[in-house]
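Now for the letters of each chain:
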Amino acid sequence: MQLANTVFSDKTGIAFSTLLLIVALDVLVVMLAVILFPFLWKD
Amino acid sequence: MRKSWWKILGVLLLVYTFIAGLLIEVPRNPQLEETIRNLFFHVCMWFGMMILFIVSFVRAIMYLRTSKPIHDIASRQYAGVGILFGLLGYLTGAIWMSYTWIDSNKSILNSFDTVAREPKLIGAAIALLVYAAYLVLRDSIQDIDKKARISAVYNIFAFAMLFPSIWIIPRLLDSLHPGGSEGNPALDPGSASANMRLVFYPAIAGWTLIGVWIATLKIRMKIIQEQKLSQ
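So, here's what we can say about the structure. Along each chain, residues carry numbers from 1 onward, in the same order as the chain's sequence is written. Key to labels: chains lettered from A, ligands numbered from 1, both in the order written. Given that the model is predicted, a residue must reach a pLDDT of at least 70 before its local features are reported, and side-chain atom pairs must reach 80 or more before they are shown or counted; all residues, however, enter totals for whole chains, interfaces and linings. Computation of side-chain values covers all heavy atoms of the structure but excludes hydrogens and water.

**Description of the overall build of chain B**
What counts, and what does not: Helix and strand assignments follow DSSP, with helices taken as H or I runs no shorter than four residues and strands as E runs no shorter than two, numbered in order from the N terminus. Atoms considered for the radius of gyration are the C-alpha atoms alone. The globule rule reads 2.2 Å times the number of residues to the power 0.38. Here the term buried applies to any residue with accessible area under 20% of the maximum for its type, exposed to any over 50%, and partly exposed to those in between, with areas from a 1.4 Å probe on protein chains only. Contact criterion: two residues are considered in contact whenever any of their non-hydrogen atoms come within 4.5 Å of each other. We count Lys and Arg on the positive side and Asp and Glu on the negative side, and we leave His and both chain ends out. Where a charge lies is defined by one atom per residue type, namely NZ (Lys), CZ (Arg), CG (Asp) and CD (Glu).
Secondary structure summary: chain B contains seven helices and zero strands in total. Taken from N to C terminus, the helices and strands of chain B fall in the order α-α-α-α-α-α-α. For 231 residues, the compact-globule estimate of 2.2 N^0.38 gives 17 Å, and chain B sits close to it at 19 Å. The dimensions of chain B, computed from C-alpha atoms along their principal axes, are 60 × 45 × 30 Å. Taken across its 231 residues, chain B has 42% of its residues classed as buried. Considering only contacts within chain B whose residues lie at least 6 apart along the sequence, 75% involve residues at least 24 apart. Taken as two groups, the 22 positive and 14 negative side-chain charges of chain B have centres that lie 14 Å from each other.

Printed below as a string of structure tokens:
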């Protein structure tokens, strides 16, 4: 198990830029949802 | 006639694009050869698509602010023409790819296996499918006001996803497509020759103007349809 972790350690890591992009996309979607939600229910 | 100058300009620019684009002297790149001329069609159609989606997005915001049906109709029609341009861009890209990426020593299916994993293609397919879902969503709602409201909100989400799926994510990954992590060669004055830029920029304007013209015609047709229905 220890051997397997060592072998795959560089394959399973996520690049910081990728992580940042995913977080930025999530923030964007949540922000848009908060802004646009009232418009869906406007009379 | 005075109001139609931009339509005439659009037609003239496209005539120029087709004639000059096919006849002009282009740089001799052994990998690309004559396929480099696809820049005037494929890339410019995608530019046109982006501009049409931007207009659709702005009209969606204007609808949410004012609730005027004209903005909803315009938003829908600009998105529709944007999708059409996207499909044409995909088609011209596929023709270009069949000469540059496909390995002639392998069977088509084996080469397709490599090409289908191309991040730019996947990103573009996601973006177009997101917009296709916009059309499906619209047609699935009967109530006119609800349809306009929900589709305007969805349009804004679709536009927000357009940039990451086409411009950001594919550039983070290794790609065969020009304009990957090394920047966009079409817009780099050091990459595209002066001759090509003479056709490239007018071609962007020409394709965009034709797209806007088609969209305005569709908007007018839709308004007439609505007026007939309300009579």
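The discussion continues.
**Digging into the nonpolar core**
Most often, soluble globular proteins keep nonpolar side chains buried together rather than apart. Rule in force here: Residues belong to one nonpolar core when they are buried, are Ala, Val, Leu, Ile, Met, Phe, Trp, Tyr or Cys, and are joined through side-chain atoms within 4.5 Å.
Phe-40, Met-49, Phe-53, Tyr-131, Leu-162 and Trp-207 of chain B are the most contacted members of the largest nonpolar core, which has 40 residues in total. Residue assignment for this core shows that the elements contributing at least two residues are helix H1 (5-23), helix H2 (42-66), helix H3 (69-100), helix H5 (119-139), helix H6 (144-172) and helix H7 (194-230) of chain B. The biggest single contributor to this core is H7 of chain B, with nine residues. Once residues within four sequence positions are removed from consideration, Tyr-131 of chain B is found in contact with Phe-53, Ala-79, Ile-83, Asn-155, Ala-158, Phe-159 and Leu-162 of chain B. If you look at the next biggest cluster of nonpolar residues, it comprises 10 residues, including Leu-36 of chain A together with Tyr-63, Ala-148 and Val-153 of chain B.

**Details of the packing of H2 of chain B against H7 of chain B**
Residue and element names in this part refer to chain B. For clarity, the cut-off: Axes here refer to lines fitted to C-alpha atoms; in helices the fit is confined to the stretch in contact. Angles between the N-to-C directions go from 0 to 180 degrees. Oblique is the label for any angle not under 35 degrees, not over 145, and not in the 65 to 115 range, which are roughly parallel, roughly antiparallel and roughly perpendicular in turn. Should the near helix be turned anticlockwise from the far one by less than a right angle, the crossing is termed left-handed; should it be turned clockwise, right-handed. Nonpolar residues are Ala, Val, Leu, Ile, Met, Phe, Trp, Tyr, Cys and Pro. Charged residues are Asp, Glu, Lys and Arg, and all others, Gly as well, are polar.
Packing of H2 against H7 brings their axes to within 8 Å, and their N-to-C directions diverge by 45°. Viewed along their axes, H2 and H7 adopt a mutual orientation that is oblique. Considering only the axes of H2 and H7, their crossing is right-handed. Every residue of H7 that contacts H2 at Val-43, Cys-44, Met-45, Phe-47, Gly-48, Ile-51 and Leu-52 is listed here: Phe-200, Ala-203, Ile-204, Trp-207, Thr-208, Gly-211 and Val-212. A breakdown of the residues in the contact of H2 with H7 according to their chemical character gives 11 nonpolar, three polar and no charged.

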